Amino acid sequence: MPSAPVVVEDLDVLIIGAGISGIGAGHYLTTQHPTKSFAILEARGASGGTWDLFRYPGIRSDSDLYTFGYEFKPWLDEDSIASADRILEYLRETATENGLDSRIRFHHKAIGADWSSAQARWLVDVERTDTGERLRFRTRWIFNAGGYYRYDQGFTPHFKGRERFHGPIVHPQDWDDNLDYAGKRVVVIGSGATAVTLVPAMARTAAHVTMLQRTPSYILPVPKRDAIAAVLMKVFGEERGYAMTRSKNIAMQRGIYRSCQRSPKAARRLIRKVNARRLTPGFPVDEHFNPPYNPWDQRLCAVPNGDLFQAIREGTASVVTDRIISFTENGVLLGSGTELEADIIVTATGLNLQLFGGMYLSIDHRPVALTETVTYRGVMLSGVPNFAFAIGYQSASWTLKVGLLCEYFCRLLTHLDANGYDAVWPVANPDMPTQPMMNSSAGYIQRSASQLPKQGPETPWLMSKDFRADRKLLRESDIVDQFLHFSHLSGGAEAPWAGIREVEAA
């Protein structure tokens, strides 16, 4: 009988994921709880998460780095919409400055974790992705910073006749660095952020690139560089200028989102007008850039300096809105009967969701059914002790919310330490009405909504989309409320789980 995996480290906090959220969490722990022991598990061999994994042409941010960057570290690059290599450099510089390099355990994938009520500890099963070795970590807390994408496999729907196509078919998540598309005809299937990034980037050297979409997306040109930010940082210095730019852009993001929600018809008309100005006279804007849903029902796609529209104007790229009947030997057969000829097909058809990197959770060996849990303040799950997670905004820069979540997490640790508590968990009313954790009409969310935790109808169970509301909830409001239960180790058996006796339910 094989022996149990060896416990290699005992820690106060185990962070899962060394991407933008995990590095951020490491900073907050280092600065606010310098005596606590922690490590960061990273399944891959490099830090940076998304920004190291994705290698397709033109990959960049789709929001400004003054808000996508950390509040505590000014973004000093001249580009507001930045390329992946610059973002990666920024992240790794942050890790080094905070002494996190030595805390990252590369090739360590968290498989699952079991909470021991008797010990008030998580026992985390880990697999070495380079050797297959199985290890265990024991920790007081888990902070899962792995996001909600499945990083080993993108989403590609079934395409009839796929095997007939003579050329390469590639998904952006599995980009082949040796793929030569210079002088080739390329069809990019998709209309989301990845597609609108790929098309202008590939159009610079390809013979022609066609963006083939079933349904249009809202696409908005934004300046690649922020002229106001440059002035503010010159006049007020890097730190104050960055803070002022960040506040400006937060207000702008919030204003745009709220305006779209309040007056969707007016927002639709305005976006259409902006698009039409970027295209040639007579271009069929309504066919290709007028979605059937309202603005911000799905995320808007930002294109720096309108590069997608420029490629279309110059004739190096085009847009086709139609349904796919099948792949052919030479391209794609459309519902209209047209055959789009291609040498290369790129399936920018989206991502798969996989919450918490696919790791399982159990409490005293009893599995946790994630679909039966409810999110609390967007950072914890009902009934699950000493477990926090980081999921950012969809309607604004991801990192804005992650920063607030990390602050709240550190405040919670301070409260436990000050009162001698060992465990904390939210308790939801079982009769509370719930809804999917993520409300969006985006395909990748709809495909997985039934597998995710739920959210409630109001604070603190609601996954807020508003930075100001979250700032009040996570940074300014009291830690203790009627839903949060604290406990300490006890030999008694009165607890929700053996060995834990509840001592506070304020």
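Here we take up the overall build of the chain. Looking only at helices and strands, the chain has 13 helices and 28 strands in total. Taking 2.2 N^0.38 as the reference for a compact globule, 506 residues should give roughly 23 Å; the C-alpha atoms of the chain span a radius of gyration of 24 Å, in line with that estimate. Counting only C-alpha atoms and orienting by the principal axes, one finds that the chain spans roughly 75 × 60 × 45 Å. Residues counted as buried form 54% of the 506 residues belonging to the chain. Long-range pairs, those at least 24 residues apart, make up 69% of the contacts in the chain between residues at least 6 apart in sequence. Put simply, the chain shows about 21,900 Å² of open surface, and 50% of that area lies on carbon and sulfur atoms. Here the chain contributes 55 positive and 55 negative side-chain charges, whose respective centroids are spaced 6 Å apart.

Turning our attention to the environment of isoleucine 59. Considering the arrangement of structural elements, one finds isoleucine 59 in the loop between α2 (50-53) and α3 (65-68). Judged by relative accessible area, isoleucine 59 falls into the buried class, the value being 11%. Distance from isoleucine 59 to alanine 201, taken between C-alpha atoms, is 8.7 Å for residues 142 residues apart in sequence. With near-sequence residues (within four places) excluded, isoleucine 59 lies in contact with Trp51, Phe54, Ser83, Ala84 and Thr197.

Here we come to the pairing of strand β17 (residues 344-347). Across the two faces of β17 the burial is the same, with Ile344 and Val346 and Ile345 and Thr347 all buried. In this structure, strand β8 (residues 169-170) lies alongside β17, joined through 2 bridges in parallel fashion. Looking across to β17, one finds that isoleucine 169 is bridged to isoleucine 345. Examined bridge by bridge, strand β9 (residues 185-189) and β17 share 4 bridges and lie parallel to one another. Bridge pairing in β17 links valine 186 to isoleucine 344.

All right, on to helix α10 (residues 307-314) then. Within the span of α10, buried status applies to Asp307, Leu308, Phe309, Ala311 and Ile312. For α10, the elements touching its buried residues are α5 (193-203), β10 (208-213), β11 (219-222), α8 (264-278), β12 (301-304) and β13 (317-321). Immediately downstream of α10, the backbone of glycine 315 shows phi near 85 degrees, a positive value.

The subject of this paragraph is the nonpolar core. Soluble globular proteins: nonpolar side chains tend toward being buried together. If you look at the biggest cluster of nonpolar residues, it comprises 134 residues, and the most contacted ones within it are Trp141, Phe143, Val188, Phe289 and Leu412. Considering each element in turn, this core owes the most residues, 12 residues, to helix α11 (residues 398-419). By size, the runner-up hydrophobic cluster in this structure holds 12 residues, among which are Phe159, Ile189, Val332 and Ile345.

Next up on the list: unusual backbone geometry. Geometrically, the link from threonine 459 to proline 460 is a cis peptide bond, its omega value of 5 degrees lying close to zero. You can see proline 460 is positioned in the loop between β26 (454-455) and α13 (467-476). The backbone phi angle of asparagine 386 is positive, close to 50 degrees, even though this residue is not glycine. Structurally, the position occupied by asparagine 386 is in the loop between β22 (380-381) and β23 (387-389). For asparagine 386, a relative accessible area of 0% translates into the label buried.

Where strands meet in a sheet, backbone hydrogen bonds hold them as pairs that are either parallel or antiparallel. Spatially, 5 strands are ordered β8-β17-β9-β10-β13 in an open sheet, and the strand pairing comes out parallel. With one partner strand each, in any of the chains shown, β8 and β13 form the two edges of the open sheet. The strands touched by α5 within the sheet are β9, β10, β13 and β17, with β10 carrying the most contacts at an inclination of about 165 degrees.

This part covers the packing of aromatic side chains. Applying the stated criterion across every chain, the model contains 22 aromatic pairs. Grouping aromatic residues by their ring pairs yields a cluster made of Tyr28, Tyr70, Phe72, Trp75 and Tyr90. Positioned above the aromatic ring of phenylalanine 38 is the side chain of arginine 103, whose terminal nitrogen or guanidinium carbon lies 4.0 Å from the ring centre.

Looking now at the pattern of salt bridges. In total, this model carries 28 salt bridges according to the counting rule given. The partner of arginine 136 in a salt bridge is aspartate 125, and the shortest N-O contact between them spans 2.7 Å. Taken together, the residues arginine 136 in strand β6 (residues 134-144) and aspartate 125 in strand β5 (residues 121-128) connect sequence positions 11 residues apart. We classify aspartate 125 as buried; its relative accessible area is 10%. Each member of the salt-bridge network shares a partner with another, and the members are Asp77, Glu78, Asp79, Arg86, Lys224 and Arg225.

Turning our attention to a nonpolar patch on the surface. Together, Val231, Val235, Phe236 and Met244 line one region of the surface with nonpolar side chains, adding up to about 340 Å² of accessible area. At 3 residues, the largest contribution of residues to the nonpolar patch is made by helix α6 (residues 227-236). Assignment of secondary structure puts phenylalanine 236 in helix α6. For phenylalanine 236, a relative accessible area of 34% corresponds to the partly exposed category.

What counts and how
Along each chain, residues carry numbers from 1 onward, in the same order as the chain's sequence is written. Predicted model: local features are reported for residues with pLDDT of at least 70 only, side-chain atom pairs are reported and counted for 80 or more only, and whole-chain, interface and lining totals are derived from all residues. The basis for every side-chain value is the complete set of heavy atoms in the structure, and neither hydrogens nor water enter the calculation. Secondary structure counts use DSSP, requiring at least four H or I residues in a row for a helix and at least two E residues in a row for a strand, with both numbered from the N terminus. Only C-alpha atoms enter the radius of gyration; for comparison, a globular chain is expected to reach 2.2 Å times N to the power 0.38, where N is the number of residues. Exposure is judged per residue with a 1.4 Å probe applied to protein chains only, and the accessible area is read against the type maximum: over 50% gives exposed, under 20% gives buried, and values in between give partly exposed. Whether two residues touch is decided by their heavy atoms; if any such pair falls within 4.5 Å, the residues are in contact. Each accessible area is a Shrake-Rupley result for a 1.4 Å probe, and residues are judged covered by the shown protein chains and nothing else. In summary, the charge assignment counts Lys and Arg as positive and Asp and Glu as negative, without counting His or the chain termini. Taken as the charge location is NZ of Lys, CZ of Arg, CG of Asp or CD of Glu. One requirement defines pairing of two strands: DSSP has to find at least two bridges between them. Remark: nonpolar core denotes a set of buried residues (Ala, Val, Leu, Ile, Met, Phe, Trp, Tyr, Cys) joined through side-chain atoms within 4.5 Å. Here an axis means a line fitted to C-alpha atoms, over the contact stretch when the element is a helix, while the angle between two N-to-C directions is reported on a 0 to 180 degree scale. Paired rings are identified among Phe, Tyr and Trp, the last through its six-membered ring, by centres lying within 6.5 Å, and are further divided according to the angle between planes into stacked (under 30 degrees), edge-to-face (over 60) and tilted (the rest). Our definition puts a charge over a ring when NZ of Lys or CZ of Arg is within 6 Å of the ring centre and also within 35 degrees of the ring normal. A carboxyl oxygen of Asp or Glu within 4 Å of a side-chain nitrogen of Lys or Arg is what we treat as a salt bridge. Note on patches: the residues involved have over 30% relative accessible area and no salt bridge, like charges join within 9 Å, and the nonpolar side chains Val, Leu, Ile, Met, Phe, Trp and Tyr join within 5 Å.

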